[in-house]
Amino acid sequence: MLKRGRLGNDWLVGVDGMVNPRIARADVVGRAEELSLLESLLKETADGSGGAAILEGEPGIGKSRIVEALCDTALSNGSSVYRGTGQEFGVERPFGVIWQALEGRLSRNDDRQKIAALLEDAPTEFGADRRFVIIDAIEDAFEHEAQVRPVLLSIDDAHWADASSILTLHALAQRRDLKVLLLVSCRPVPRSAELKRLIDDLTGSGSALVTLRPLDDDAVAELARVRLGSEPGDSLKQQLRRAGGNPLFVLELLEGLSEEDMLRFDGDLAEAPRSVQPPPSLRALIIRRLSFMDESSVELLRTAAVLGDQFSAQDLATVTGTSLTTVLDRMKEPIAAGVIDATEETFSFQHDVVREALYGDVATAVRKGLHLHIGRVLAASGASKIRVAHHVSLGAELGDREAVTWMREAALAVGPQDPNLAVDLLDRAADLLPPDDPERDGLLLEEILRLMFAGRLERASDLADELRRRVAGTPLEAMVDTQRLGILSLQFRVHEMARLADQILENDDLPEDLRMQTVVASAASRLAGGDIQGAKSRMAEARAYTESVPDSTAAGLYLWLAAALLIYEGRFTQAAERLEQALPRTEMFLGGRGQGLDFVGYGYTVGADDVQKARTTLEQGRAELEHRGALSYVVEYHWLRANLEFAAGNWDDALVEMSAANDLGAETGTFGVAIGAAPDPTILIRLFRGDPLGAMQALQVADGYESGMFVSHWLEPIRALVEDASGDRPGALSRLRAWHRDMDRKAFVPDLRTIGRSLARLYREVGDPDLLAHALAGARDAHERADGLKSMESATLLVEGLIEEDVDRVLTAVDAAREAERAFDLAEACAEAGAALLRRGDADAGRSFAMEAWAIYDDLGASRQEAVLAQDLRDLGVRRGSRGKRGRPSLGWDSLTQSERRVVDLVGEGLTNREIGTRLFVSKGTVATHLRNVFRKLEVTSRTELAAEAARRRD
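Cut-offs applied
- Residues numbered from 1 in each chain as written.
- Predicted model: local features only at pLDDT ≥ 70, side-chain atom pairs only at ≥ 80, totals over all residues.
- Heavy atoms only, no water.
- Helix = DSSP H or I, 4+ residues; strand = E, 2+ residues; numbered from the N terminus.
- Contact = heavy atoms within 4.5 Å.
- Areas by Shrake-Rupley, 256 points an atom, 1.4 Å probe, with all protein chains shown as cover.
- Axes fitted to C-alpha atoms, helices over the stretch in contact; angles between N-to-C directions.
- Parallel < 35°, antiparallel > 145°, perpendicular 65-115°, else oblique.
- Left-handed = near helix turned anticlockwise from the far one by under 90°.
- Nonpolar A, V, L, I, M, F, W, Y, C, P; charged D, E, K, R; others polar.
- Pairing = 2+ DSSP bridges.
- Salt bridge = Lys/Arg side-chain N within 4 Å of Asp/Glu carboxyl O.
- Buried < 20%, exposed > 50% of the residue type's maximum accessible area, 1.4 Å probe, protein only.
- Phe/Tyr/Trp six-rings, centres within 6.5 Å; stacked < 30°, edge-to-face > 60°.
- Lys NZ or Arg CZ within 6 Å of the ring centre and 35° of its normal.
- Expected span 1.5 Å × (residues − 1).
- pLDDT = per-residue confidence, 0-100.

## Some points on the overall build of the chain
When helices and strands are counted, the chain shows 48 helices and eleven strands. Looking at the chain alone, contacts between residues at least 24 apart form 69% of all its contacts between residues at least 6 apart. Surface accessibility of the chain: about 37800 Å² in total, with carbon and sulfur atoms responsible for 48%.

## Points about the packing of helix 22 (residues 457-471) against helix 23 (residues 476-490)
Each packed pair of helices is defined by two parameters, the angle between the axes and the distance between the axes. The interhelical angle for the contact between helix 22 and helix 23, taken along N-to-C directions, is 155°, at an axis separation of 9 Å. As the angle between them shows, helix 22 and helix 23 are arranged roughly antiparallel. Helix 23 is crossed by helix 22, and the crossing has left-handed handedness. In this structure, helix 22 contributes Leu 457, Ala 460, Ser 461, Ala 464, Asp 465, Leu 467, Arg 468 and Val 471 to the contact, and helix 23 contributes Leu 476, Glu 477, Val 480, Asp 481, Arg 484, Ile 487 and Leu 490. Looking at the contact of helix 22 with helix 23 residue by residue, the classes come out as nine nonpolar, one polar and five charged.

## A short note on the sheet that holds strand 2 (residues 80-85)
Strands sit in the order 2-3-4-1-5 across an open sheet of five strands; the sheet is parallel. Looking at which strands have only one partner, the edges of the open sheet turn out to be strand 2 and strand 5 (208-211). Going across the sheet, the axis of each strand differs from the next one's by a mean of 15°, ignoring polarity. With four bridges connecting them, strand 1 (residues 51-56) and strand 5 associate as parallel partners. When the sheet's bridge partners are listed, Ile 54 is paired in strand 5 with Leu 209. Packed on one face of the sheet, helix 1 (residues 32-46) meets strand 1, strand 3 (151-156), strand 4 (180-186) and strand 5 and runs near 150° to strand 4.

## Side note on the sheet that holds strand 8 (residues 269-271)
Strands sit in the order 6-8-7 across an open sheet of three strands; the sheet is mixed. At either margin of the open sheet sits one strand with a lone partner, and together these are strand 6 (231-232) and strand 7 (264-266). The pairing of strand 7 with strand 8 spans three bridges and is antiparallel. Paired with Arg 264 across the two strands is Glu 271, which belongs to strand 8.

## Some remarks on the pattern of salt bridges
The final tally for this structure, using the stated rule, is 67 salt bridges. Linking Arg 401 and Glu 439 is a salt bridge whose minimum nitrogen-to-oxygen distance equals 2.6 Å. With a gap of 38 residues between them, Arg 401 in helix 19 (residues 401-414) and Glu 439 in helix 21 (residues 438-453) connect regions that are remote in the sequence. Classification of Arg 401 as partly exposed rests on a relative accessible area of 41%. By relative accessible area, Glu 439 is classed as partly exposed at 25%. Through salt bridges with shared partners, a single network forms among Glu 139, Glu 143, Arg 175, Asp 177 and Arg 943.

## Thoughts on the packing of helix 41 (residues 807-820) against helix 42 (residues 823-839)
Relative orientation of the contacting elements helix 41 and helix 42 amounts to 155°, with a least axis distance of 9 Å. When the axes of helix 41 and helix 42 are compared, the pair comes out roughly antiparallel. Our pair here, helix 41 against helix 42, has a crossing hand that is left-handed. On the side of helix 41, the interface is formed by Val 807, Val 810, Leu 811, Ala 813, Val 814, Ala 817 and Arg 818, while helix 42 contributes Asp 825, Leu 826, Ala 829, Cys 830, Glu 832, Ala 833, Ala 836 and Leu 837. Within the contact of helix 41 with helix 42, the residues separate by chemical class into twelve nonpolar, no polar and three charged.

## A look at the packing of aromatic side chains
Within this structure, the stated rule accounts for eight aromatic pairs. Taking the centre distance of 6.2 Å and the plane angle of 55° together, the rings of Phe 824 and Tyr 857 count as tilted. Highlighted residues: Phe 824 in helix 42 and Tyr 857 in helix 43 (residues 843-860), separated in sequence by 33 residues. Summarising the burial analysis for this pair, Phe 824 and Tyr 857 share the class buried. The side chain of Arg 355 reaches across the aromatic face of Tyr 359, ending 5.4 Å from its centre. If you follow Arg 753 out to its NZ or CZ, it ends over the ring of Phe 572, 4.9 Å from the centre.

## Regarding unusual backbone geometry
In this structure, Thr 754 is a non-glycine residue whose phi angle is positive, near 75°. Along the chain, the position of Thr 754 falls in the loop between helix 37 (729-746) and helix 38 (756-766). Positioned with a positive phi, Glu 821 is a non-glycine residue whose angle comes to about 60°. Within the fold, Glu 821 resides in the loop between helix 41 and helix 42.

## A word on the pairing of strand 3
For strand 3, the buried fraction is high: six of the six residues fall into the buried class. Residues Val 151, Leu 153 and Ile 155 point to one face of strand 3 and Leu 152, Ser 154 and Asp 156 to the other, with burial holding for every one of them. Two elements, strand 2 and strand 3, share six bridges in a ladder whose sense is parallel. Across the sheet, residue Tyr 82 finds its bridge partner in strand 3, namely Leu 153.

## Thoughts on the side chain of Glu 723
Summarising the element assignment, Glu 723 is placed in helix 36 (residues 709-725). Setting aside anything within four residues of it in sequence, one finds Glu 723 in contact with Asp 728, Arg 729, Gly 731, Ala 732 and Arg 735.

## Let's talk about helix 5 (residues 131-148)
Taking 1.5 Å per residue, 18 residues should reach 26 Å; helix 5 reaches 26 Å between its end C-alpha atoms and fits that length. Counting buried residues in helix 5 gives 16 out of 18 residues, a clear majority hidden from the surface.

## Quick word on the environment of Leu 215
Structurally, the position occupied by Leu 215 is in the loop between strand 5 and helix 8 (217-228). For Leu 215, a relative accessible area of 9% puts it in the buried group. Sequence spacing of Leu 215 and Asn 246 is 31 residues, and the spatial spacing of their C-alpha atoms is 6.5 Å. Not counting chain neighbours up to four residues away, the residues in contact with Leu 215 comprise Val 29, Gly 30, Arg 31, Val 220, Leu 223, Gly 245 and Pro 247.

## A few points about the side chain of Arg 615
Its place among the elements puts Arg 615 in helix 30 (residues 611-628). Look at Arg 615 and you get buried, because its relative accessible area is 16%. Setting aside residues no more than four positions away along its own chain, Arg 615 makes contact with Arg 641, Leu 644, Glu 645, Ala 648, Asn 650 and Phe 921.

## A short note on helix 43
Turn by turn, an α-helix covers 3.6 residues, leaving residues three or four places apart pointing in a common direction. With 18 residues, helix 43 should reach 26 Å at 1.5 Å per residue; the first-to-last C-alpha distance of 26 Å fits that figure. Within two residues after helix 43, Gly 861 carries a phi angle of roughly 75°, on the positive side.

## Let's talk about the environment of Ser 758
Assignment of secondary structure puts Ser 758 in helix 38. For Ser 758, a relative accessible area of 16% gives the class buried. Placed 107 residues apart in sequence, Ser 758 and Gln 865 show a C-alpha to C-alpha distance of 9.4 Å. Those residues within four positions of Ser 758 in sequence are excluded, and the remaining contacts are Phe 688, Leu 721, Glu 828 and Gln 865.

## Quick look at the confidence of the model for the chain
Per-chain confidence: the chain averages 82 in pLDDT, with 88% of residues scoring 70 or above. Within the model, pLDDT remains below 50 along residues 1-26, and this stretch shows 82 contacts once partners closer than five positions in the same chain are excluded.

Written out as structure tokens, the structure is:
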């Protein structure tokens, strides 16, 4: 007996989000293992440990049904659920998918308002990258939500998610300390570079990758049994095998057989004729299934498919030229059939496969015309430039300048929130113009700038080289070369930078200020590469212009470079003053005032002994750059803050800052900027803590960059000390001789702080008069130029006193070190003073100084220096005596540093990482690094566990 209409119109049941409410969760057929794994991750999240999972599979394989089931479980367990879905045309909306998940659902009004305001804000600075500011706000929101209850964030169809949303997911995925489970579902293809990187990083860090395979025959039979309410017979099973194990195909085939009255039910058995042939493709299946609706409704759906996954009734009415009433009337049937979901404001296709089928069913020429028409209608109605540009570009033909204009304006509008999307828009616009069109070259030049701001330096470099070859000999040549110069600067490729600057200067038609900027850039690259005379010669060329036009960009660059030269001549105080003058003249550069503060902070950090002023200056500059999105330069701030904390005796904090610098450097791809700023204190901390192997490993960071003067000035003596500690004294001495000769030839004064005593002791121990003479001459030059800088006075007096065996000079060095408040330098001076006084017979004073040094070494964990001091005292017949418990343990509550304890206290107060950073005057990245260390030491995995442990300690 044939039962027509047995399945009804509730089609696509239980698959990828098209869920018949009558189908129970148990009907996720053949996916029990996958669902169980995801539910176990959900339980781990509820227990306090965040995580992530990727769910992948072909269209119709059941991804959204599993997501739906997991969301149901999460809700029933008291978790907060946020769910967003990528849309094929949604890539044109920065942060679109993530905001879709959050909008109207966040519990805190402050978080909602802040994110919404940032998404609407359009900074006026060209090149400002606001993505990371927005991501920080979203991350803060999730921290707040996860403090209340566990969170499931599900992103379906992530293959269509915009790049900014993917970047946000990447940031959230790093936050394993939060009770947040991130579930990303996607197809194997297409897969953007951003999504591929996210998936690679997640799987590389141990996140679950759940791949949905086709259902086996037993599962297909079970799906048919659930759907039909009858056992499928052998003939029907044979027909269902043609669906290839895809649940959507299985269900569609069942629906097709039912519509054609080809299903026969005999008791509990369902059968089908053996001769039935299914439609040849999924698109044909779907279009065939839609034929039961009125043709006017289907035609309206085709236009809606061209509009996008989501659309408003008003947009559809405007585009089709029909009344709003007519549109609403024609949408009733698709809504009733479960093809369309309706909310108060928008319609959306319940399944992307349906929209794709309808979209593909429109002839290509008609589709292009529709896109063009939609773009123009949307433009007339005041729609966003990005939305208009997308449709116009899909309908445009080669040479369509209207489309080019829309895409260029859209790139300018979207650039601050999504530089990568701006690049894509400019790329598409350029493809619409002939290769020899001058406007195309301008688009590509703008694209190069965007690539630089997006941190895609390799692509920017390749495109710049390609464009340079084409525009050689034209006025655009200088503009392209200027951008190439900026790329090389970010990559710290100083020798190539010098060659390119000189090449640019061969152009006689350069505007004067651009010429002077290039002259100064040429001088800077020469200074970085060690060509001091060449740098000074270039600076002389620019002096007259910069003095006559003091408010010019070139003048600001000139003052900065003059300060850099003063630093390497040992005139730190003068350098800081010069940088103060340069500050208001750097507004034209990426980062504006923030970048100027960067170099002022550099002068204070390296050249001044006011630690608090240095911290304030650095943090103000960092906050400014983060606000502008110039994260490439924030790497340098962490590096300089690490040097500051090292000098102040906060070695563990210095290591934390260097870790933050490394993380951010890897993220931005512009790590080379920081290497020339100051030493990597990690090397010396490892060395002085008795870990020469760790110091050698830290040295490898610097080896990846050009070893110009900025690097060799500080790197070579430190490398030599590490080599000596590792047993290669001949190699160390050879390196030091070459370094001294290089410093003498270039008239640079070495910075002897921190390392001066170790160098002088090494020279004295091997009895090398030439090296001793070099060290003494360098110390005297530095002392003469110290200009009241106590840290420099202390270092130079200590070297002079040690080499000349002048106890009074050593004692004066101790006094100067106390004023400078540099802990390790004070310990070094006290150690030498103690030994010198003991040798002179002043036992009480000598022992007092030695014990002071020992206490500082002990606090810093400088075991190598403790061993040196112990040997000196043993040689003089002095023993330290009882020392009690030494240092901090490596694990447990007592292992936490003072900074880590402060962070723990603030976590206990419920503050987010950003709020903690603001309270402690450090970056969010620094707080995250502190927390990683705390989790390791306390053997906890989440903020929840940490807060509970902190509460127990307080009780």
